[in-house]
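Observations on the three-dimensional arrangement
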Amino acid sequence: MEQFLAADAIVIGAPVYNFTIPSQLKAWIDRITVAGKTFTYTANGPQGLAGGKEVVVAVARGGVRAPDASGEFGEPYLKFLFAFLGIDNVRFVRAEGLAISPQQRAASLSAARAAIADRSALAA
Ligand SMILES: Cc1cc2nc3c(=O)[nH]c(=O)nc-3n(C[C@H](O)[C@H](O)[C@H](O)COP(=O)(O)O)c2cc1C
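Because the structure is predicted, anything quoted here is derived from the model rather than measured.

Rules of the game
Residues numbered from 1 in each chain as written. Predicted model: local features only at pLDDT ≥ 70, side-chain atom pairs only at ≥ 80, totals over all residues. Heavy atoms only, no water. Helix = DSSP H or I, 4+ residues; strand = E, 2+ residues; numbered from the N terminus. Polar contact = N/O pair within 3.5 Å; in protein donor to acceptor, adjacent residues only side chain to side chain. Contact = heavy atoms within 4.5 Å. Phe/Tyr/Trp six-rings, centres within 6.5 Å; stacked < 30°, edge-to-face > 60°. Buried < 20%, exposed > 50% of the residue type's maximum accessible area, 1.4 Å probe, protein only. Lys NZ or Arg CZ within 6 Å of the ring centre and 35° of its normal.

1. Some words on the side chain of E96
Mapping E96 onto the fold places it in the loop between β5 (90-95) and α4 (102-117). Looking at E96, its side chain comes within polar contact range of the main-chain nitrogen of R65, at 3.1 Å. Look past the residues within four positions of E96 in its chain and what remains in contact with it is R61, G63, V64, R65, Q104 and S108.

Take a look at the structure:
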């Protein structure tokens with residue numbers, strides 16, 4: 001939690017496991033989401049205390065997210081969680097369809113690497 005608070009930038013690897021984040025990532029979130037440290041409760045509702053950071057989430061999927069994003073809870077959860085902690089600068093780089101075919105996997109990883117190289121291509 002102290003490391004998290006001290007960091008200017010956070011990079012998270014988030015493979016999609018059963019429509020959401022892996023339990024290992026959830027365990028880390030449970031360690032950094034601490035009342036009185038990274039957020040506080042006020043009379044006007046909760047307030048994040050961990051603002052001023054940049055978060056980049058590298059998302060990997062075996063499949064491809066539906067266009068309406070139904071049945072996908074990882075990315076919206078991470079956005080909500082970091083906003084709760086006071087961090088609005090959260091961007092995503094996605095490698096999808098990794099289990100569809102070797103060709104799809106190679107193309108998707110290549111596109112993700114290109115998006116990382118061109119930081120402006122990272123999705124909000
Ligand atoms: C337990 C488990 C659950 C998974 N659930 C999903 C899922 O719900 N949707 C999806 O697109 N991929 C799913 N996958 C595939 C992973 O997202 C994929 O393995 C991950 O992105 C890493 O890619 P790689 O295994 O090819 O390195 C799952 C993988 C595992 C091991």
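2. Concerning the packing of aromatic side chains
Each aromatic ring pair is described using two quantities: the centre-to-centre distance and the angle formed by the ring planes. The final tally for this structure, using the stated rule, is three aromatic pairs. When the ring of F4 is compared with that of W28, the centres are 5.9 Å apart and the planes differ by 85°; the resulting orientation is edge-to-face. In this pair, F4 is assigned in helix α1 (residues 2-6) and W28 in helix α2 (residues 23-32), connecting sequence segments 24 residues apart. Judged by relative accessible area, F4 falls into the buried class, the value being 4%. Of the residues examined, W28 reaches a relative accessible area of 31% and is grouped as partly exposed. A ring pair is formed by F39 and Y41, whose centres lie 5.1 Å apart and whose planes are at 90°; its orientation type is edge-to-face. One residue, K53, lies across the ring of F4, its end atom 5.4 Å from the ring centre.

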